[in-house]
Structures are given as C-alpha cells and as structure tokens.
There are 4 protein chains.
Amino acid sequence: MSVTADQQAQIDAARGSPRQTLRAVSDGIEQHLYRVHPVLDHGFVRVIDYMGDDSAICQAARVSYGRGTRSVQNDEGLIRYLMRHWHSTPFEMCEIKLHVKLPVFVARQWIRHRTANVNEYSARYSILDREFYVPDPSALAAQSTTNNQGRGAVLEGDRAQRVLDILRQDADRAYDHYEEMLDENGLNLARELARMNLPASIYTQWYWKTDLHNLFHFLRLRADPHAQMEIRAYADSVCAIVADWVPAAWSAFRDYRLGGTTLSARGMDCLHRMLRGEGVTQETSGMSAGEWREFSAVWMKDTA
Amino acid sequence: MSVTADQQAQIDAARGSPRQTLRAVSDGIEQHLYRVHPVLDHGFVRVIDYMGDDSAICQAARVSYGRGTRSVQNDEGLIRYLMRHWHSTPFEMCEIKLHVKLPVFVARQWIRHRTANVNEYSARYSILDREFYVPDPSALAAQSTTNNQGRGAVLEGDRAQRVLDILRQDADRAYDHYEEMLDENGLNLARELARMNLPASIYTQWYWKTDLHNLFHFLRLRADPHAQMEIRAYADSVCAIVADWVPAAWSAFRDYRLGGTTLSARGMDCLHRMLRGEGVTQETSGMSAGEWREFSAVWMKDTA
Amino acid sequence: MSVTADQQAQIDAARGSPRQTLRAVSDGIEQHLYRVHPVLDHGFVRVIDYMGDDSAICQAARVSYGRGTRSVQNDEGLIRYLMRHWHSTPFEMCEIKLHVKLPVFVARQWIRHRTANVNEYSARYSILDREFYVPDPSALAAQSTTNNQGRGAVLEGDRAQRVLDILRQDADRAYDHYEEMLDENGLNLARELARMNLPASIYTQWYWKTDLHNLFHFLRLRADPHAQMEIRAYADSVCAIVADWVPAAWSAFRDYRLGGTTLSARGMDCLHRMLRGEGVTQETSGMSAGEWREFSAVWMKDTA
Amino acid sequence: MSVTADQQAQIDAARGSPRQTLRAVSDGIEQHLYRVHPVLDHGFVRVIDYMGDDSAICQAARVSYGRGTRSVQNDEGLIRYLMRHWHSTPFEMCEIKLHVKLPVFVARQWIRHRTANVNEYSARYSILDREFYVPDPSALAAQSTTNNQGRGAVLEGDRAQRVLDILRQDADRAYDHYEEMLDENGLNLARELARMNLPASIYTQWYWKTDLHNLFHFLRLRADPHAQMEIRAYADSVCAIVADWVPAAWSAFRDYRLGGTTLSARGMDCLHRMLRGEGVTQETSGMSAGEWREFSAVWMKDTA
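Nothing here was measured: the structure is a model prediction, and the numbers come from that model.

Some details on the environment of Q8(C)
- Within the secondary structure layout, Q8(C) lies in helix α1 (residues 5-15).
- Considering only alpha carbons, one finds Q8(C) and A116(C), 108 residues apart in sequence, at a separation of 27 Å.

Topic: the sheet that holds strand β3 (residues 43-51) of chain D
Residues and elements named next belong to chain D.
- Within the open sheet, the 5 strands sit side by side as β2-β3-β4-β8-β5. Their pairing is antiparallel. Looking at the sheet topology across the chains shown, the edges are occupied by β2 (37-39) and β5 (117-120). Along the sheet, successive strands turn relative to each other by an average axial angle of 25 degrees, direction set aside.
- Summarising the sheet, β5 and strand β8 (residues 203-211) pair through 4 bridges and their orientation is antiparallel.

Describing the relation of the copies chain B and chain A
- Each copy superposes on the other: chain B lies on chain A with an RMSD of 0.0 Å after a rotation of 180 degrees and an axial shift of 0.0 Å. With respect to symmetry, the two chain copies, as superposed, fit the operation of a two-fold axis. No C-alpha of chain B lies nearer the rotation axis than that of Q20(B), which sits 2.3 Å from it.
- A high fraction, 100%, of the interface residues of chain B reappear at the interface in chain A, so the copies pair face to face through one surface.

Thoughts on the domain arrangement of chain A
Residues and elements named next belong to chain A.
- What the domain assignment lists for chain A is domain 1 (5-133 + 201-258), domain 2 (136-200) and domain 3 (265-299).
- Taken over C-alpha atoms, the centre of domain 1 sits 29 Å from the centre of domain 2.
- At the junction of the two partners, domain 1 supplies 18 residues and domain 2 supplies 15 residues.
- Roughly 1,500 Å² is buried in total at the junction of domain 1 and domain 2, and carbon and sulfur atoms are behind 51% of that figure.
- It is R124, R130 and F132 that lose the most area in domain 1 upon contact with domain 2, and together they represent 39% of the buried surface on that side.
- E230 is the partner of R151 in a salt bridge, and the nearest nitrogen-oxygen pair spans 2.4 Å.

So, the UniProt feature "binding site: FAD" (unreviewed entry) in chain A
- Feature annotation in UniProt assigns "binding site: FAD" (unreviewed entry) to the following positions: T89(A), R112(A), H113(A), R114(A), E120(A), D211(A), L212(A), H213(A) and H217(A). Spatially, the listed residues are scattered: they cover 129 residues, and their C-alpha atoms lie as much as 27.4 Å apart.
- Counting through the fold element by element, R112(A) comes out in the loop between α5 (104-110) and β5 (117-120).
- Residue R112(A) is classed as partly exposed on the basis of its relative accessible area of 27%.
- For R112(A), the residues in contact, after removing those within four places along its chain, are R222(A), T89(C), I111(D), V118(D), N119(D) and E120(D).

Some details on the UniProt feature "binding site: dUMP" (unreviewed entry) in chain A
- In the numbering used here, UniProt assigns the "binding site: dUMP" (unreviewed entry) feature to Q109(A), W110(A), I111(A), R112(A), E120(A), Y121(A), S122(A), A123(A), R124(A), R195(A) and R222(A). With a sequence span of 114 residues, these residues are also far apart in the fold, their greatest C-alpha distance being 28.9 Å.
- Note that I111(A) resides in the loop between α5 and β5.
- Non-local contacts of I111(A), meaning those with residues more than four positions away in its chain, are made with V118(A), W206(A), I111(D) and R112(D).

What to know about the interface of chain D and chain A
- If you look at the interface, chain D gives 60 residues, while chain A gives 60 residues.
- When chain D packs against chain A, close to 5,300 Å² is buried across both sides, 51% of that on carbon and sulfur atoms.
- If you sort the residues of chain D by the area they bury against chain A, R108(D), R124(D) and M196(D) come out on top, with a joint share of 14%.
- Where chain D touches chain A, the interface holds 6 salt bridges.
- Ionic pairing is found between E120(A) and R108(D), a salt bridge with its closest N-O pair at 2.9 Å.
- At the junction of chain D with chain A, the criterion picks out 35 residue pairs in polar contact (both at pLDDT 80 or more).
- Among the secondary structure elements, those contributing two or more residues to the side of chain D that touches chain A are α5 (104-110), β5, β6 (141-143), α6 (157-182), α7 (191-194) and α9 (229-245) of chain D.
- For the side of chain D that touches chain A, the leading source of residues is α6(D), giving 11 residues.

Reading the values: the criteria
- Residues numbered from 1 in each chain as written.
- Chains lettered and ligands numbered in written order.
- Predicted model: local features only at pLDDT ≥ 70, side-chain atom pairs only at ≥ 80, totals over all residues.
- Heavy atoms only, no water.
- Helix = DSSP H or I, 4+ residues; strand = E, 2+ residues; numbered from the N terminus.
- Pairing = 2+ DSSP bridges.
- Axes fitted to C-alpha atoms, helices over the stretch in contact; angles between N-to-C directions.
- Least-squares fit on C-alpha atoms with pLDDT ≥ 70 in both.
- Contact = heavy atoms within 4.5 Å.
- Domains from an automatic or database assignment.
- Buried area = accessible area lost by both parts, 1.4 Å probe.
- Salt bridge = Lys/Arg side-chain N within 4 Å of Asp/Glu carboxyl O.
- UniProt positions renumbered as here; feature names shortened; annotations may be inferred.
- Buried < 20%, exposed > 50% of the residue type's maximum accessible area, 1.4 Å probe, protein only.
- Polar contact = N/O pair within 3.5 Å; in protein donor to acceptor, adjacent residues only side chain to side chain.

As structure tokens, this is what we get:
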C-alpha cells in the first residue's frame, strides 16, 4: 500500500471541503481530485488541481473566431476540427496538476517532456522511503530478439525467480547501507551523497503540471505500445482521468492521434496504387526493409 | 466604452453562476473573475480562470521537503525564502488565464514573453473593430534627449493637437479604406490582405495564460519605469489582480524584485568602501559613465 | 532593391574572409552565408550562421545508441528512421540563425513559433525605413467564398487598381506623418509613440535563430498551402536553404511531413474497407461533412 | 581513465581535420573542440560544436539598434550594458554543444534546466559501462548541522573507509548482477528492466546543447557554493571554457551575476540607513532571522 493512514486522512479531509467558485468546473474530474490511483506496486497518480474543460478550449479558440464567424458552431465539431488541423493553442488553455509517485528510471523518461512544471521530492534535503519497484512476474520479459529496446517472451520458473531475488536483495542491501550511512550517531554521511547508493528502482515523487496540448503529446508517446511498459502504466492511468475531464477533446485525440496513423509520400503513393488494384511489393514501394515491414503490417492484411 | 451591453450581459451571467469545486480557491481573485478592468482608452484586462493560491506554492515546494523536514514552517516565511533564493518551480504551480484587449504595438511587445499560451483574435478570419488607441494628452511625450528609447516632456498646445489630429485622421481613413476593401459587394479583398492597411494603434484581443513565475518575470520588466507607458498600464492592472490572488507571493515579489535591486561585484566593492567611510568616485569605482550614473543615483544620495 | 550599396559591401566583405575551424562544416549552406535571398517586394532572408550538418544529427542520436548497437548504420537510413518515429532531439542538435526582413503582419504570424530566439529592430529606439509591402497584382485575391481565412479569385482591372492605390497612398501618408511627428525641430514626438501610426504592411527586420526540429515544424505549417501566401514565400525561401544545408534530413522531412499525411482511426477504417473493395460514403464513414470533404479529396479520386 | 585509446584516436582525428568556413570563429574555443576535460573520477566535458562569439552578441543586439543609433559603440561596453539591464535575447544568439559524461544523480539535477537539447545514451537500447562515481576522501562530507541540504565536516579514518567500502562493493555487486541478468545465454532479461538495479552513482553520458543566456543561468545556479559539489565540478569546467569562448560576455557575467548580489527593498533600506551612519539590527531591519543572517554576513563586516 503506497499511502499511509495519515495521508489517507488528509486526502479524505481535502475531499470533504467543497468550496464555491465562479470558474469553469468539470464534474468528471472533480470525482478524481486528490484520490489515489495506484500504478505498479507502490506508485500512484493523484489529480491535485485542474483548469478548464471542453468549453474552455472552444472559448479560447473563438477569440480568434469572433465577428464574421458562423454563429452556431458545435463545440465537439470545433474541437475535432482543431485537432484535425493541428491547432495547438486552444488545447494549451487547459491545465492539470498531478502528484505522481514513480520509480526513478520512469521519472528519468518522464522528465524528458520539457514543457511542464515539476517539483520533485529532494533526496539532498530529505530521506527517501524504502520502496522499490519489483516487477510482477508477468512483466519480467526477456530482451527482444528483433528490437534492441524492446521486450520478448516472459521469463519463467527459476530464471524469473533469480531475477526477482537479485532485484529484491540488492535493493534491500542498498537501503540498509543507505540508512547506515545516514545514521546521525554513526557515519552521518551527507544525504546528498548517501542517496547515490540507491538503485533506479527506488520510488520518488513529484508534482507535475502541464497543459492539455503537451499532455496529449506525452500520452501519444507514452501510452504507445513502443513505450516501456512501466511508464505506459502511468500513461494509461492518466488517459482514464483525461477521458473524464475533457471528454470531447479526449475523443478527438483518440480518433486522430492514438488510433490514427501517418503516411509518408511513398506510403500514400503505394496506397493509391493499391486502391487502383495494383500489386505493391517492397521492391516497387521505394521503401527500406524496415519501413516496408511497418507499412505492410498495417495495410497489406486486407489484400492477403 | 470597450464592452457592449450584450458582452456585459454575458459577463454578468458568468458571475451569477457559482459552482462547487474541491480545488483550491482564492477568494481574493474570485471577485475579479470575468470583470472588465479598463486600461487605456478602449482596452481591458479580464481574469478568465486561475489555478492555485499561496498555499499551492508551499504545497508543491514541500514535495521536495518531505520526511526529515522541519514540521512547522510558516507559509509566508517559506514563500519569502523561495523568492529570495530564486526557487522558480513552486511559483510555476499557479496559473492564470487573462482576456486582454490591447493595441497592436503593445501586443508586439507583450508576445516577446514566450513562456505563455496565446489565442489571438484572427484578422485573417474575422473583421477587426474600429477601435484605435489615441493617447490622453498627458501621455503625449516628446522624444527623450537622454534615452533613445524614452520619453521627455509632455507636448503642449498646438503641437499636441497636431499629433492627435494625425493619429485620429489617419486611423479613421485607414479603417474607412479597410471597410471599402472588404465590402463583399465592392472590392471584396481577402481579409488577410485588407488588414495590412491598419495602423499599429488598432486594438486586438487575446486569451493569454501563464504561470505565476513567468507572470512575475513579465511584471518585473513591464511594470518597470523603463517599460513603455502603455504596456505598463496593463502591467499595473495585472499587479493589482495578483495582489488579491496570492497576497503572500505578491508581497515577497514586491520586496525582492519590484522594490529590490542588483549589485555587480564592482558595485558591492564600492558600497563596502563607502560603509567603511571611504569616498568613492567614478574614477575609483571601476565603472563606466553610464554604470556610475545608475549606481550613484541610488547610492550616493545618502552621503551627499 | 532591399539592400543598399553599403550593406552589399559589408556582405561581400564577410564572404571574402574565410577562416579555419575544426567544427562540422556543411558546404551546401556555406554558399548561402550572408547572401540576400529576396522575398516579396522589399524583404529578404539571409543566413548568418549555422551549427551542424546531417552527420551531426546521427552523431547525437548515436550517443543513445552506443555499445550494443549495430556497428554499421547508414546515416541516411538512420535519419529516415528518426523522422519516421518522431525522434525530435537529434534534429534539435542543428541550429540556424537568419536575418529576415519582413512585413509586420508576417512577423506577427512568424513570432507565434515560440521555440526560437529573436532580436528585432526596435522602433522605440530607431526609425523605421519607408518600405511597405504592396502585393504584386497576381497576389491581389478576393476573399474566399468557402474558407473564412482563405483567398479566392484574383482581382482584376479597376478593382485591383483601387486596392493598390489605397495601399500605396495610405502607406505614404502614414509615413509622411510619421516623419512629421518625429521631426526634432517640429513635433518631436517620442519614437515609441510615433510608430503607432504605421500600417502592418511596413517592413521590420530581425535576427531569428532556431533548431532544425523547430524549423521543420515552422516549415510544415508555413510552407503549407493553407498558410497565407506572404509567409509561405519566406518559408519557401528557407526550404531551399535547408535542402542545401542538410540534404538527408530535408529529404526525409519532405517525404514524411511535407508530402505525407495523417489518417484518423475513422479514416484508416474507411481505407481498409476500400482496399477490401467496399464502397464508402460520408454516411458510412462516420465523418462529418468537412472531414469527409478533406478525406475524399485525397483518397476517392482513384476509385472514381 | 574515462576515454579509451580508440576514442582518443577519434578525437585526434577530428582535431586533425581543419576546414574552411565563412562563419564567425572564436579562436579561444577552437582549442577546446573535441578535447576531454576530465571531471570527477570518470567524467568529462567535451565541446562538440559552438555558434557565435562576442561580436555575434553585439551584431544581433544592433538589429534593434539600427538607424538612429550612436555610430560608435564599444562591443565590450555594449555587452556590459546588455548584461546589466537583463537583455537576454542577444546572448541567446550564441549556442554551444557539449558531450558530457556524468553520474546519474548529477544528470538528474542537470536535466532540470529545461531550455536545452539533450540526447542521452539509452540504457533501454545499450549496455552501460562499469563506471561509478566514488568520491575522493576529501569530498566525503558529513550532513550539515545548519543546512538540511548541505555538507559539514569531512569524514575521517574508519568512518570514511566504511563509506567508501559500501559504495564500491554495492556498485560492483549491482553491476555483476546487471551483467548476470543481461547474459544472453543465461537470464537474458530485457535491458530496459535490468538497468533498474544500477545505483545513481553510475555514469551516463549525453549530448547537451544550449544557448549562452541559458548556459549563464545554469552556471549561476550550479557554479554557486550552494550547489552540490559534484555538479559544481562540471560547472567550473564549463566556466573555464566559456571564458575562452566569449571573454567579454564572460567578464560581464562574472561581474554582474557570479560576483554580484541582489538586495530586497528592506535590504536597500538597511544599507541606506547604514550609509547615513545609523546602526541597524535584525529587530530594526524588518527581516526574518534567516534573511538577516544572510544580509549581515555580506554587509555587517565593514562596520564591525
């Protein structure tokens, strides 16, 4: 369990104190506020605050679409139009703030998304908890044979057990030594030095705030099957929250980005030829082997 | 008057519909929401939305200051500490969204602040209103004789009248021609072309959203006496809003940034010598003439 | 002509002084350095400096692909792979600095690309030249009847002449009055005020610096047929420079971005059905009228 | 030694191939190009590329200072003026690209500077080397008693030895297990999982590119005595490079930022009173205890 009784009491207290506001309110995300959404073995995602809703996207877009604009415009239609034509600024008008607890190696991937605000728990200043990510046996995958940065089959039996033993024992030993080095009556090493003994599986936490446009960009890359499974678990959790927060924007994002695809000029040419009934092979496609593999996986199944 | 009766009715309706929320609420800024704060002759600033309050700054900062942290920390003291030591990320955890109506030449200065989100009324798509900034006579200043980008004495009498006549007549003629070029039954020129006849005094409007850290940076530069008077009028209006929104952060900002100063190593050396009772002149200061002028204006008055 | 003899002499001098360097050099762009590439009637694009070449993209990417990586990797293949899979950071490792002279209304669109560095000629500090954009008659288009922000047929005869007369006469009068207001022996109005009488067709200039990833994003939006013709003229000029600077990256960009397209999940479903020989109509596509119009313009021509 | 013979041969080859260019060249930094500047026990900083020099800062600034500008302006004076008045954009016109090898816990601090471009060696894709930071005994400091995130006295004798033993043995064991988990003929765990067993003392490497303005901001925070000693070692190494690259900008930065200070309104008031001969104490200063401690450490020594 990643939250103490004391922390849960603070969450309950926060949820028990509704206030009045004149701002835009999204009922869908109010139900999530402060609550813990568990991710992996000790991690979580919590919504701390948000700004705006589907209407706020349209309201901002229409500053640019004032007098001389068609008077009636369906919000959902406008949002789909904006998404289809890569208008990013209206989506930037919504903002969300999350509290996330996550392993350090996931945090190192996450932080690469630079257009966001972050306050991380400081291991120079404070002492980290004894919490390490240990994968569920179902997530213990072998190195992929086809993709240098991917996973293959799940490890089984003794091999899985050996990996789990290593991860647990090394983490425990590292933390024992961390405590020994920190002991004020013993070694009393500076915190900023002692923490360097801790493995990348240790959990950290941060406040992370970003706008909806950049959040969608994050989700497109991190809820993707090519993302590492561990960060994808966080992205999936955030997706469920966004779907409740801004349902129209989420629906457009799912259709145009998550579920859509891009085609190169060569790929378009191949599809046009296929639609005219021509056969296309890698040789006649102009594509490299890797490119053709990706293209044909999506588009050749209909004609097989 | 910069707002129509219809627009005012929409504002009143928005202010008449309070909702419940579990988020942080700042009563000080709720009173400003949607209301028109007039600026210059036709411009305004309106608060459309906000996220966070003084407590939200501390809450975010303390993720980094968790276990092992002193248990009691006064919020105001923490905020002053963060401001003094240039901690920027906790202030980034508050966000504000404004609707601003402003002359194009002011908008061109404003947009240089890049870490913000903007949706501007589009003159490609829509038709601009006949509203131009014409300075109040008290603002009609001559070119400064000492500062290439500054103002000198106020113009008087016929000179002032001639300037006002030029500005008004040229603006009116330009707008007459804009309408003539747009006339669907006449020239019917594309909007994106016709707008290029309009002078930089015409009003545009936008939604502008930024975080508190970047807003403070904007205010430090634009509420400064060296900023052009017209953008300073907007900055002053925003300052009054921020003071109500996050009073502790505002107070720290006013003390450390707006009311404070910076000293170079040379300047520090001069002050140390002056404190020891030595006399300091430009020659012995190591400063250039311009640097010494700025330094002595602040620091030599006590010893004169 | 947009460059004086004195300025041309400075350009020639700069081109006449080669130096030795140990840095990566791209011969393709060296030939462009400092030279004026005319755009519109008085504008230009000049390359002032650059960092990196095609190899620099691969070199940076391979920091992430060190030991354990296949030893031989064709640079062009790697660049296509990076582009196809939306890897942005290696392209950020190239940088370009341009000197651009452009009408203010174009500058206002351009500046919306925030991830760039800009130093603009200051009309608070200095005096602008008497140079205004007046469209070539072939560019004088009527308002589009189908697209609120587009152009329709070219104006002809008296209508065109009337528009040109308005633009020229209003610009001239505005500049005459600008000079009158600035006259040090006359009205002597502050420069920061006098400039507000100038129309958006006046030329300004700036130094603009960005990385290749963000430049590609700029070009994708601004070299697009939906961009206003005037900014597209600048984008086209930059495209020609980029093609000489980083030919492999340019080729990948042209194939995957400029010449490619995106498909929504609904669009993919329609294409799959069409490939299987099914007929698809707007009714059975799940798309709105506008979406279907865009989709069918690209994909229905083969089956007509 | 942090560079292999093979790597050194590549560096020598790069330095042995000068090319001609028409770009601005800074002789001061050319001597650094590609060379290894060792930092800590296995780390380094290498300059890979740069754009611009002191003159490029002035050249960009003067676009804004064209006609109507004083004709003669000393470059160094202009640079000092720009630095003193917080003009950031001219400094953004210079760019530098570094190759850095650094411990993960340092990388985690470094990456917080978001306005930069980064390509990091990928431990999902590749295998990390067996290189860990082990502090020099002189750097093995106890936890500070006055500053939660600082260091106190150096550990001695057995205490120091015990810490070093822990750090070395845990690192070695973690790497042994890393290799065991990666063994293709053994456990063959996916690289993206195996790496989570590695401690934060392991070295990673990246290409890091930023502009001079943001580099100065980085150096101001990271070459500061309050920064952790390990990242300060990198900042100091970069400072020496910048001093050779842009000597005038470096000199201004050192005077106004590194060696300068900021004063709050309260601090200014105290100094004015002291200059008039008044005594000032914490009680009459309006400052908190912490603020007064910082103020008096700088300013009270002259009057003691």
